[in-house]
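Chain by chain, the residues:
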Amino acid sequence: MMKQQPRFEARWFYNLSLERLVPDDHLLRLIANAVDFAFIRPLCRPFYSHTGRPSVDPVVLFKMLLIGYLYGITSERRLARELSLNLAYRWFLGYDFDQPTPDHSVLSKARARFGPEVFESFFHRSIVLCREAGLLEEGPVYVDSTLIQASASADLMVPREDRAQPPLSIEEYVRRLYTENDPGSEDEEPPPPSDTGPSVRGRKRGEKVLPQPNRVLESKTDPEATLVNRPDFGRHLAYKAHVAVAGKRGQVITAAVATTGIEADEHLLAEVLWQHRRLSGLKLGDVVADAKYGTSFNFLYLGRLGLRAFIPLTRFGVMRKDIWGREHFRWLPEEDVYLCPAGEKLRRHAQVRGTQRVQYRAPRGSCAACRFRDLCAPSGGERTIHRSWGQEHVERTEALLAGPLGKQRLVQRKVYAEGAFGLAKELHGLRRTRFRGRRRVQIQLWLTAAAMNIKRAARQIASKGRPVAPALLAVVLTSLLRWLDSAAFQRPLNA
Ligand code: SF4
């Protein structure tokens, strides 16, 4: 029989409780059981006056932010609406049915009031929680970066010098005013429209796109965002997120640094590792990253710290496969020379300008009559070899990467670090920045990472505390009922 739902009619009284309506396995209930948010109040106390109208509790503010990042609600107006409508969100914030939830404007005020240190401390607390939940331990650190599209259009860029000009003095302003409004010029015909006149985008029409647009152009809406044009990303204004993930199965984000979109990854390795060390309190183990980080400087840096690097070497240019490589030459460290297959010594010749490489060259005239010339130095001159400052560390890394552990580490990096970015973008709104300016994007990055860490820690704590898994309980109960029903149990009754 088809049932027809009667039209809704409000009743005067309801026998309801938010406590009963939120399921036991709801994520927010797991988080509420696992995290004591009281640590937020001492962090925020210095930013409030001891007099005046009572504010919204900072714990409520951070819980609001956490809900927004956990459920990927990127608009603060929409978040405020959802907080009012969703029962689980109300319960988590501590607001009953009949209490008005805070307005969206409290979030932007809080961001301006607290400053980045408070948000970094919140992120730090999420790492500590993961450690307490048993998710974080000493081991390899996986470093990677990803581009985040800025909340600004790449079509609204203006010449950089327009903004860089200092304000005019009063005398200069008046002088320009008279020059530009010369009465004699009124009789003249206005110049015909030209293709080379200024356009609304601040560029002259027909002007060629400059090879390095970030040097001469900047966004009107977000001057700190930089233009990135890559096949896998498109042409957008962007920021970059550099993160370290660590722990069992790389589940915990232990460092998060936001930079402009064109910042080179290799320059951020030291900062990311330092933040990982500072926030996690763990000693650094193996460092795993992709080839963008494989510069001589980074190998030298990690080698001097005594860390094993699982980073493929960055190779600039195309190496000719038909010419003997460095593996055909023997390095003699005590003499600081390379010994070639013909027995000649390649000595230190010059430091390559702007790089961390030294050039070694065969003695003048030695290669001209060599029987290996076609294989070793076919271009005509003396053969040269380049050696990086930390070449011994590079060779150690190459040996590590050739082994089974090296291959395993590189696969783990793909799964853990890139997996974290995938989740952050798909579920937690990191595909696009919510705010403008690097400082605010850094706050967004910390809050996204904190939300992901807290979610994992809460689930881990809940799974540990669960007395018996439901499936296991069902098996035990079924076995018990079968046993009760068995002949062995009934036999004495029939006897
Ligand atoms: S070409 Fe020059 S560097 Fe190469 S093997 Fe002969 S002598 Fe040695």
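Everything in this summary refers to the structure shown in the same document. Fair warning: this is a prediction, and the values are worked out from it, not measured in the lab.

What counts as what
- Residues numbered from 1 in each chain as written.
- Predicted model: local features only at pLDDT ≥ 70, side-chain atom pairs only at ≥ 80, totals over all residues.
- Heavy atoms only, no water.
- Helix = DSSP H or I, 4+ residues; strand = E, 2+ residues; numbered from the N terminus.
- Buried < 20%, exposed > 50% of the residue type's maximum accessible area, 1.4 Å probe, protein only.
- Polar contact = N/O pair within 3.5 Å; in protein donor to acceptor, adjacent residues only side chain to side chain.
- Contact = heavy atoms within 4.5 Å.
- Pairing = 2+ DSSP bridges.
- Axes fitted to C-alpha atoms, helices over the stretch in contact; angles between N-to-C directions.
- Phe/Tyr/Trp six-rings, centres within 6.5 Å; stacked < 30°, edge-to-face > 60°.
- Lys NZ or Arg CZ within 6 Å of the ring centre and 35° of its normal.
- Salt bridge = Lys/Arg side-chain N within 4 Å of Asp/Glu carboxyl O.
- Core = buried A, V, L, I, M, F, W, Y, C linked by side-chain atoms within 4.5 Å.
- Domains from an automatic or database assignment.
- Patch = residues over 30% accessible without salt bridge, like charges linked within 9 Å, V, L, I, M, F, W, Y side chains within 5 Å.
- Areas by Shrake-Rupley, 256 points an atom, 1.4 Å probe, with all protein chains shown as cover.
- Near = heavy atom within 4 Å.
- Nonpolar A, V, L, I, M, F, W, Y, C, P; charged D, E, K, R; others polar.

Re the side chain of Thr 433
With respect to the element layout, Thr 433 can be found in the loop between helix 16 (404–427) and helix 17 (438–465). The class for Thr 433 is buried, based on a relative accessible area of 4%. Polar contacts involving the side chain of Thr 433 include one to the main-chain carbonyl oxygen of Phe 435, which spans 3.3 Å. When near neighbours in sequence (up to four residues on either side) are disregarded, Thr 433 contacts Ile 148, Gln 149, Ala 150, Ser 151, Tyr 239, Val 441 and Gln 444.

So, the sheet that holds strand 12 (residues 357–361)
A sheet is described by the order of its strands in space; here five strands give the open sequence 9-10-11-12-13, paired in antiparallel fashion. Each of the sheet's edge strands pairs with one partner strand only, and the pair in question is strand 9 (330–332) and strand 13 (384–388). Recorded for the sheet is a direction-independent mean angle of 35 degrees between the axes of neighbouring strands. Of the pairings in the sheet, the one linking strand 9 to strand 10 (residues 337–339) comprises three bridges and is antiparallel in character. Note that in strand 10 the partner of Arg 330 across the bridge is Leu 339.

Observations concerning the environment of Leu 307
Take Leu 307: it is sitting in the loop between helix 13 (296–304) and strand 8 (309–310). The exposure class assigned to Leu 307 is buried, which follows from its relative accessible area of 9%. The spatial distance from the C-alpha of Leu 307 to the C-alpha of Leu 284 is 7.5 Å, given a sequence separation of 23 residues. Filtering out sequence-adjacent residues up to four positions away, Leu 307 remains in contact with Leu 284, Gly 285, Val 287, Leu 302 and Arg 396.

Side note on unusual backbone geometry
Residues other than glycine predominantly adopt negative phi, and peptide bonds predominantly adopt the trans conformation. The phi torsion at Arg 249 lies on the positive side, around 55 degrees, for a residue other than glycine. Assignment of secondary structure puts Arg 249 in the loop between strand 5 (234–246) and strand 6 (252–260). On the basis of relative accessibility, which here comes to 59%, the residue Arg 249 falls in the exposed class. With phi around 60 degrees, Asp 336 is a residue other than glycine that occupies positive phi space. Within the secondary structure, Asp 336 sits in the loop between strand 9 and strand 10.

Remarks on the packing of aromatic side chains
Two descriptors summarise a pair of aromatic rings, namely the distance from one centre to the other and the angle between the planes of the rings. What the rule picks out here adds up to 14 aromatic pairs. Ring centres 6.2 Å apart and planes at 15 degrees place the aromatic pair Phe 39 and Phe 122 in the stacked group. Taken together, the residues Phe 39 in the loop between helix 2 (27–34) and helix 3 (40–44) and Phe 122 in helix 8 (residues 116–132) connect sequence positions 83 residues apart. On the numbers, 5.1 Å between centres and 85 degrees between planes, the contact of Tyr 142 with Tyr 416 is edge-to-face. Here the residue Tyr 142 occupies a position in strand 1 (residues 141–149), and Tyr 416 occupies one in helix 16, the gap between them amounting to 274 residues. Overall, Tyr 142 belongs to the buried group, its relative accessible area being 2%. Taking relative accessible area as the criterion, Tyr 416 reaches 18% and is therefore assigned buried. What links up through ring pairs into an aromatic cluster is the set Phe 39, Phe 47, Tyr 48, Phe 62, Phe 114, Phe 119 and Phe 122. Sitting over the ring of Phe 92, Lys 63 keeps its end group 5.0 Å from the ring centre.

Some words on the pattern of salt bridges
Here the structure, examined in full by the defined rule, presents 20 salt bridges. A salt bridge links Arg 29 to Glu 19; its shortest N-O distance comes to 3.0 Å. Of this pair, Arg 29 sits in helix 2 while Glu 19 is found in helix 1 (residues 18–21), placing the two residues ten residues apart along the sequence. Judged by relative accessible area, which is 8%, Arg 29 ranks as buried. The exposure class of Glu 19 is partly exposed, given its relative accessible area of 45%. Among the ionic pairs, Arg 125 bridges to Glu 132, the shortest N-O distance being 3.9 Å. Residue classification places Arg 125 among the partly exposed residues on the basis of a relative accessible area of 26%.

A look at the nonpolar core
Among the nonpolar cores identified, the biggest contains 88 residues, and Ile 31, Phe 37, Leu 66, Phe 122 and Phe 123 are the most heavily contacted of them. Top element by residues in this core is helix 17. It accounts for twelve residues. Counting contributing residues per domain, this core is built from domain 1 (18–114) and domain 2 (141–152 + 226–314 + 398–446), each supplying no fewer than three. In contact with Phe 122, other than residues within four places in its own chain, are Phe 37, Phe 39, Ile 40, Phe 62, Leu 66, Leu 447, Ala 450 and Ile 454. Leu 269, Ala 289, Tyr 293 and Phe 299 belong to the second-largest nonpolar core, a separate cluster that totals 18 residues.

A closer look at a nonpolar patch on the surface
On the surface, Phe 8, Tyr 14, Leu 16, Leu 21, Leu 87 and Phe 97 cluster together to form a nonpolar patch covering roughly 590 Å² of accessible area. With relative accessibility at 35%, the residue Phe 97 sits in the partly exposed group.

A short note on the site of the ligand
Surveying the vicinity of the ligand reveals the residues Cys 340, Pro 341, Ala 342, Glu 344, Ser 366, Cys 367, Cys 370, Cys 376 and Arg 383. Residues belonging to the shell around the ligand are distributed by class as follows: six nonpolar, one polar and two charged.

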